[in-house]
Amino acid sequence: RDRKVQRTAVVNEFKAHSNVSQISLLSFLQAEEKKGNVANIASLWISNSITCDATREVICAVASRSDIAFIGLEKEVVMLCNSYNELPALGRSLNSPWPHVAQVNAPQVWEQGYTGKNVVVAILDSGINDEHYDLKDHLWQGYADTDGDGEADDIIHGWNFATKEAAGNSNIKDDYGHGTHCAGIICADGTMGNVAGVAPDATLMTLKTVNKTGSGSPVQMIRGVQFAIENGASIISISSGFKANLIDDAAKENLRRTFEAVLEAGVIAFVAAGNDGDTYGAPDNVDFPAACPPPYLH
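As a convention, each chain's residues are numbered from 1 in the sequence order in which they are written. The predicted origin of the model limits local features to residues at a pLDDT of at least 70 and limits the giving and counting of side-chain atom pairs to 80 or more, whereas totals for whole chains, interfaces and linings rest on all residues. The basis for every side-chain value is the complete set of heavy atoms in the structure, and neither hydrogens nor water enter the calculation.

### A word on the overall build of the protein
- Numbering of helices and strands starts at the N terminus; helices are DSSP runs of H or I of at least 4 residues and strands are runs of E of at least 2. In terms of helices and strands, the protein carries seven helices and eleven strands.
- A compact globule built from 298 residues should have a C-alpha radius of gyration of about 19 Å, and the protein, at 20 Å, falls within 12% of that.
- Overall, the C-alpha framework of the protein stretches about 65 × 50 × 40 Å when taken along its three principal axes.
- Accessible area is worked out with a 1.4 Å probe on protein chains only. A residue is then buried under 20% of its type maximum, exposed over 50%, and partly exposed in between. Split into buried and exposed, the 298 residues of the protein put 43% on the buried side.
- Accessible surface, the protein as shown: approximately 15900 Å² in total, 51% of it carbon and sulfur.
- Within the protein, one finds 22 positive and 37 negative side-chain charges whose respective centroids are separated by 3 Å. Restricting the calculation to C-alpha atoms gives the radius of gyration, and the globule rule supplies 2.2 Å times the number of residues raised to the power 0.38. To measure how exposed things are, a 1.4 Å probe is used in the Shrake-Rupley method; for residues, cover is taken only from the protein chains shown. The charge count treats Lys and Arg as positive and Asp and Glu as negative. His and the chain ends do not count. For this purpose, a charge sits on NZ of Lys, CZ of Arg, CG of Asp or CD of Glu.

### Some remarks on the packing of helix α1 (residues 3-34) against helix α2 (residues 56-63)
- The interhelical angle for the contact between α1 and α2, taken along N-to-C directions, is 165°, at an axis separation of 12 Å. By the angle class used here, α1 and α2 are roughly antiparallel. Along this stretch, α1 crosses α2, giving a crossing that reads as right-handed. Contacts between α1 and α2 involve Leu-25, Phe-28, Leu-29 and Glu-32 on the former and, on the latter, Val-58, Ala-61 and Val-62.
- Amino acid classes used here: Ala, Val, Leu, Ile, Met, Phe, Trp, Tyr, Cys and Pro are nonpolar; Asp, Glu, Lys and Arg are charged; the rest, including Gly, are polar. When the residues that make up the contact of α1 with α2 are grouped by side-chain class, the tally is six nonpolar, no polar and one charged. Fitted lines through C-alpha atoms serve as axes, helices being fitted only where they are in contact, and the angles separating the N-to-C directions of these axes extend from 0 to 180 degrees. Oblique is the label for any angle not under 35 degrees, not over 145, and not in the 65 to 115 range, which are roughly parallel, roughly antiparallel and roughly perpendicular in turn. By the definition used in this description, the sense in which the near helix is turned from the far one sets the handedness, with an anticlockwise turn below a right angle giving left-handed and a clockwise turn giving right-handed. We call two residues contacting when some pair of their heavy atoms lies within 4.5 Å.

### Some words on the pairing of strand β11 (residues 268-271)
- DSSP-based pairing: two strands are paired if at least 2 bridges between them are found. The pairing of strand β10 (residues 235-238) with β11 spans four bridges and is classified as parallel. In the strand pairing of β11, Ser-237 is matched with Phe-270.
- For the segment spanning β10, helix α7 (residues 249-264) and β11, crossover handedness is right-handed. Crossovers are marked right-handed if the path from the first strand over the helix to the second runs clockwise, as seen with the strands pointing away from the viewer.

### Looking at the environment of Asp-174
- Here Asp-174 is to be found in the loop between β7 (158-160) and α5 (178-187).
- For the pair Asp-174 and Lys-212, spaced 38 residues apart in sequence, the C-alpha to C-alpha distance is 7.9 Å.
- In protein, a polar contact requires one atom able to donate a hydrogen and another able to accept it; more generally it is a pair of N or O atoms within 3.5 Å, and residues adjacent in sequence count only if both atoms are side-chain atoms. Of the polar contacts made by the side chain of Asp-174, one reaches the side chain of Thr-180; its length is 2.7 Å.

### Looking at the sheet that holds strand β8 (residues 203-208)
- The strand order across the open sheet built from five strands is β7-β8-β4-β10-β11, with neighbouring strands paired in parallel fashion. In this open sheet, the two strands that pair with only one neighbour each are β7 and β11. When strand polarity is set aside, the average angle formed by the axes of neighbouring strands in this sheet is 20°.

### Considering the layout of surface pockets
- Every definition here rests on a 1 Å grid over the protein atoms only: cavities are sets of points where a 1.4 Å probe fits but cannot get out, pockets are open sets enclosed by protein on both sides within 12 Å along at least five of seven lines, and lining residues have some atom within 4 Å of a point. Grid points are joined across faces, edges and corners, and a volume is the space filled by probe spheres set on the points. Here the largest pocket defines a volume of roughly 1300 Å³.
- Looking at the lining of the largest pocket, the elements that each hand over two or more residues are α1, β1 (38-44), β2 (49-54), α2, α6 (218-230) and α7.
- Take the lining of the largest pocket: its biggest share by element is six residues, from β2.
- Residues of the lining of the largest pocket, tallied by class, amount to 20 nonpolar, twelve polar and eleven charged.

### Notes on empty space enclosed by the protein
- Using the criterion set out here, one finds one cavity of 30 Å³ or more in the structure.
- Estimated volume of the largest cavity: approximately 30 Å³.
- If you trace the largest cavity, you find it lined by Leu-73, Glu-74, Lys-75, Pro-218, Ile-247, Asp-248 and Ala-251.
- Each residue belonging to the lining of the largest cavity can be placed in one class, and the counts come to four nonpolar, no polar and three charged.

### Observations regarding the nonpolar core
- The criterion is simple. A nonpolar core is a set of buried Ala, Val, Leu, Ile, Met, Phe, Trp, Tyr and Cys residues joined through side-chain atoms within 4.5 Å. In this structure, Met-205, Leu-207, Val-225, Ile-229, Ile-236 and Leu-255 are the most contacted members of the largest nonpolar core, which totals 42 residues.
- Secondary structure elements with two or more residues in this core: α1, β4 (120-125), β8, α6, β10 and α7.
- Element by element, the count of residues in this core is highest for α6, at seven residues.
- Excluding residues that lie within four positions of it along the chain, Val-225 makes contacts with Ile-46, Leu-124, Ile-236, Ile-238, Thr-258, Phe-259 and Val-262.
- Listed in part, the 13 residues of the second largest apolar core include Ile-123, Ile-172, Cys-182 and Ala-183.

### Thoughts on the pairing of β2
- Of the pairings in the sheet, the one linking β1 to β2 comprises five bridges and is antiparallel in character. Bridge assignment links Ala-39 to a residue of β2, and that residue is Asp-53.
- Remark: four residues form the turn of the hairpin made by β1 and β2, two consecutive strands paired antiparallel; Asn-48 in that turn has positive phi of roughly 50°.

### Focus: the pattern of salt bridges
- By salt bridge we mean one thing: a side-chain nitrogen of Lys or Arg within 4 Å of a carboxyl oxygen of Asp or Glu. Applying the stated rule across the entire model yields eight salt bridges.
- The salt bridge partner of Asp-175 is Lys-208, with a shortest N-O separation of 2.8 Å. Of this pair, Asp-175 sits in the loop between β7 and α5 while Lys-208 sits in strand β8; the two residues are 33 residues apart in sequence, bridging distant segments of the chain.
- Look at the salt bridges and you will find they share partners, linking Asp-130, Glu-131 and Lys-173 into a network.

Next up, the structure:
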């Protein structure tokens, strides 16, 4: 019943399983890496998957192995289609919530003492404006080894996975606008004169998984989710997704495994279904990963 105990047990089990099942394949890939045939190897315990850059010959060799379930092409695709850098001013009275916040009865919940205090929300998006007056006092603080010496030496507020660097970096600056927009809905606190967010006392862990063109990849998202689980996020918020026709079956399976693991760890993920209405017809009108709940809840 203790969420922290549950999370620790589940994470340790997933890591142990991945270590055992991946050891042979990783050994092969690392040997090929020394020959210059493989680069950027990364193991993801949350979905028991491996991502890397590899030559055609290595991919064919991997495909012939008996311990492989899926092989897919990892690529960045458009996830967000509109620019949020210039948002129109909304007419709001001083110290009152935005209309959509009032519509979900957030003020009544605040009156009961639930304001998001001590809750860490991991937002996977295009980053945030970490200097915004309504957000800067809500930044999660962690520590990372940013100089590569093996010791945690720098305070971070999240991590940037929307980069060509294999390990990512600590730059969570929003260069698209959508992430800041969504962060405000989550926990803007009214410092600028308006109480805007549904949880104005929540803590925000920023995981940049969308780049300045509004694009990202399934693995970048999965790495962000894995970071959130490992670093104590209570809630995962993802207001983006992948069209069914833009990602392959391997990516869909990888996302499904990931979000089943999130559920097992006792963490709640709120994921956007998308804004497509009936454009593509069911079930393709729901974006991934919102389209991959566990089978027993489907």
